[in-house]
Amino acid sequence: MSETPLKMDGIAVDVATWDADVLVIGVYQGGEPQAAISLCGEEVAQEIRQILKAGWMRGELGEMVFLPVARQNGLRISRLLLAGMGKRESLSLESFRALGASVVKACEKSSVENAICLLALDKHNGFKHWQILETMAEGAWLGKYRYDCLQSVGKKDSPRHSMKKLWFAVQEERVARCRKLFEKVEIITKGVMLARDLGNTPGNLLTPEVLARKARELAEQWPIKTTIHSGKSLEQKGMNGILAVGQGSANPPCLIVMEYRKGGDRPVLAVVGKAVTFDSGGISLKPGAKMEEMKFDMSGGAAVFGFMQAIAEMKLPINVVGIVPSAENLPSGTAQRPGDVIKMASGLFVEVINTDAEGRLILADALHHAASFDPDVIIDLATLTGACVIALGAHASAVLGNDDILRDQLCQAGERSGERLWPMPIFQEYQEQIKSVVADIKNVGGREAGTITAACFLSRFVDEGRAWAHIDIAGTAMDLTGSRPHVPKGSVGIGVRLLCRYALKERM
Ligand code: BES
Ligand code: ZN
Ligand code: ZN
C-alpha cells in the first residue's frame, strides 16, 4: 500500500486564500477550457485560451500539461495543470475516476505536493458537482495505490509518493458536505487497498493460515467477530469440499467467518468469497504459461475482507456475515483425484471430474454454512470460470442467481460504483449438464456455458426461496494491461466498491 496518505478536502472559492503548488483546470477536446478558468483572473484566462487555441494541447481524456503562470492579482499559484477531459458529451463517471487518478499521477511525476482542482465547479455533461467530487476523489485514491512492499531497490528516492494534499474548489456552503463525502470515499477506497494488497500477495506469503490471521487482525481493529474453522472443526462440520481441495497442500485449508452486527433486528446479509490462495489446478494441472496469475484466485475472499473493513469503519447500521473458504489447490500424493466422490457439508454427493474446478467445491460448503446464519440475502464472489473471461472480458463481472430484484439492485450498485455487472441466466435446462452417473452431481458441466453450469452447481447448495446472487469475477479481478489510470497492474480489488454501494443502497 502507498506510504504517504493522500489527504483530500473541499476548499471555498476564495482565490485570495488559495496557496498551492498547482491549480488543476479541465480542458475539453478541441482546447476549450472549463468555465471556472475565469477564477484565475481575466489576464491569465485569456493567455491560456490563446495557448490552447494555438494547439498546445488537444484535450484528450487523460492528457496532462503543466504551464507556468505569473503570480499576479492575488493568485499565489505558479503552475497550472491542464487536465484533458475528452469530448464533453462522452464524459462518464468512469472518465472522472480516470481524471482523478491521472491528475495525481501527473503531479507525482513532477514531485508536486499539493494541488487545488477546479473541475467540480462546472456542470460537465450534466453531472452533478457531488458526482464529480465523489468519482474524482475515488480515482485519485485508487490511482495512487501501488504494491511495492516487495521491492527493496530504488524505492526510497522515488518521487512517486510526493502528493500529499488535493483540494477541490467548491461553493463555500458545500465545503462541509464535501468533507463528509470524501470521508466515506476514503474508507471505501481503503477497503479496496486491503483487497488489492491481499490479491497481490504471492502464494508463498499468503496461505490460508495467513489469511485467517488477517481476519483475526480485522477483529482486533474493528467490531468484527472472527471465527476460524480448520482441521477437526471442518471435519466435524463435514466440510469435505474444503478439505478435499486443500488435501494436496502442506498448507491446510480453513473457513473464515467474520460477523459484523450493528443492525439490530434488520436483515442479515451474507457475503461469501472464494479464496484459493494458489490454484495450480491440482492433479488436473493447469498449463505452465501464466500459472502465476492464479495467486489472484483468492480475490473473491479479498473483496469480502475489504468490504468488512469498510462497513465497520463507516459504522453502518447493518448486519453482515462474511464467509471466506480458503485452500491451496496443489497436486501431490495426498491430493484429490479426478473421479473421487465427496460428501459435501450439505450431504450432497459430488463427483470430482476435474480438480481444477475447485472453487465451486469450497464455495458449496461455505454457502451451506452461510444458511446457518439465516441470512435474508447471500452474495458470493469468485474468480470461478475461465468461460466468464471469454464471455465478458475485463469490463463486467457476470451476475447470476435466483432473485431478479437482488440482481437488479446489484447491477445498479455496479453502475454507481463503476464495477459493472451483466446478468446471465440459470435456466433449469442447464442443470442437466452437471448430472453425474455415480454421484448426485459432478463438478464440471462440459464446454458449453461454463459460467452458467458453475452457477448451477452452486445453486444446489442454496435453499430455494433464499435470495442469492453469484458474481463471477474471473475476468475483472486482475488487470494485466495497466490501461486504466485508476486501476494499477495486478489485483484490482474488485467487488469492494460494488458491495459498499449495495450496502449503502446507493444505486444508479
Ligand atoms: N480459478 C479458475 C478460474 C479462472 C480462470 C480465474 C482464469 C481467473 C482466470 C478456476 O478454478 C478454474 O480453473 N476453472 C476451470 C473450470 C473447468 C475445469 C470446468 C476453468 O474455467 O477452466
Ligand atoms: Zn481451478
Ligand atoms: Zn480457481
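Not measured: the values here are computed from a predicted model. (Residues numbered from 1 in each chain as written. Chains lettered and ligands numbered in written order. Predicted model: local features only at pLDDT ≥ 70, side-chain atom pairs only at ≥ 80, totals over all residues. Heavy atoms only, no water.)

### Looking at the nonpolar core
Here comes step 1: Of all hydrophobic cores here, the largest spans 100 residues; its most connected members are Leu166, Met258, Phe305 and Ile379.
Here comes step 2: At 12 residues, helix H4 (residues 175-200) tops the list of elements feeding residues into this core.
Here comes step 3: Both domains that meet at this core, namely domain 1 (7-174) and domain 2 (201-476), each give it at least three residues.
Here comes step 4: Setting aside anything within four residues of it in sequence, one finds Met258 in contact with Ala215, Leu218, Ile224, Lys225, Thr226, Val304, Phe305, Met308, Val320, Val321, Gly322 and Val324.
Here comes step 5: Judged by nonpolar contacts, the second largest core, of 47 residues, contains Cys388, Ile452, Ala454 and Phe457. (Core = buried A, V, L, I, M, F, W, Y, C linked by side-chain atoms within 4.5 Å. Buried < 20%, exposed > 50% of the residue type's maximum accessible area, 1.4 Å probe, protein only. Helix = DSSP H or I, 4+ residues; strand = E, 2+ residues; numbered from the N terminus. Domains from an automatic or database assignment. Contact = heavy atoms within 4.5 Å.)

### Structural notes on the environment of His129
Here comes step 1: Here His129 lies in helix H3 (residues 129-144).
Here comes step 2: Take His129: its relative accessible area is 17%, and that puts it in the buried class.
Here comes step 3: Residues His129 and Ala413 lie 284 residues apart in sequence; the distance between their C-alpha atoms is 20 Å.
Here comes step 4: Beyond its immediate stretch of four places on either side in the chain, His129 contacts Ala120 and Arg174.

### A few points about unusual backbone geometry
Here comes step 1: A positive phi angle, close to 55°, is found at Ser111, a residue other than glycine.
Here comes step 2: Tracing the sequence through the fold places Ser111 in the loop between helix H2 (93-109) and strand E6 (114-117).
Here comes step 3: Positive phi is not limited to glycine here, since Asp374 has a value of about 45°.
Here comes step 4: As for its position among the elements, Asp374 is in the loop between helix H9 (359-370) and strand E15 (377-382).
Here comes step 5: A relative accessible area of 53% places Asp374 in the exposed class.

### As for the site of ligand 1
Here comes step 1: Residues in contact with ligand 1 amount to 16 residues; listed here are only the nearest, Lys286, Asp297, Asp356, Glu358 and Gly386.
Here comes step 2: A distance of 2.9 Å is found between an oxygen atom of ligand 1 and a side-chain nitrogen or oxygen belonging to Asp279.
Here comes step 3: At a separation of 2.9 Å, a nitrogen atom of ligand 1 approaches a polar side-chain atom of Asp297.
Here comes step 4: Burial of ligand 1 by the protein amounts to 79% of the accessible area it has alone, namely 520 Å².
Here comes step 5: Here the residues of the shell around ligand 1 sort into five nonpolar, four polar and seven charged. (Near = heavy atom within 4 Å. Polar contact = N/O pair within 3.5 Å; in protein donor to acceptor, adjacent residues only side chain to side chain. Areas by Shrake-Rupley, 256 points an atom, 1.4 Å probe, with all protein chains shown as cover. Nonpolar A, V, L, I, M, F, W, Y, C, P; charged D, E, K, R; others polar.)

### Regarding the sheet that holds strand E18 (residues 441-442)
Each strand in a sheet pairs with another by means of backbone hydrogen bonds, the pair being arranged parallel or else antiparallel.
Here comes step 1: Spatially, the three strands line up as an open sheet ordered E13-E14-E18, and their pairing is mixed. Edge positions in the sheet fall to strand E13 (341-343) and E18, since each of these pairs with one other strand and no more. (Pairing = 2+ DSSP bridges.)

### Some details on the coordination of the zinc ion (ligand 2)
Here comes step 1: Summarising the metal site, the zinc ion (ligand 2) is bound by the protein donors Asp279 (OD), Asp356 (O), Asp356 (OD) and Glu358 (OE), whose distances to it range over 2.0 to 2.2 Å.
Here comes step 2: With six donor atoms in place around the zinc ion (ligand 2) and angles of 71 to 167° between them, the coordination shape is irregular.
Here comes step 3: One chain supplies every donor for the zinc ion (ligand 2), spaced along it as D-x76-D-x1-E. (Donors = N, O, S within 2.8 Å, 3.2 Å for Na, K, Ca; no water. Tetrahedral: all angles 85-135°; square planar, octahedral: opposite > 155°, others 65-115°.)

### Considerations on the domain arrangement of the protein
Here comes step 1: Taken domain by domain, the protein holds domain 1 (7-174) and domain 2 (201-476).
Here comes step 2: For domain 1 versus domain 2, the separation of C-alpha centres amounts to 40 Å.
Here comes step 3: If you look at the interface, domain 1 gives seven residues, while domain 2 gives six residues.
Here comes step 4: In this assembly, domain 1 packs against domain 2 so that about 470 Å² is buried in total across both faces, 42% of it on carbon and sulfur atoms. (Buried area = accessible area lost by both parts, 1.4 Å probe.)

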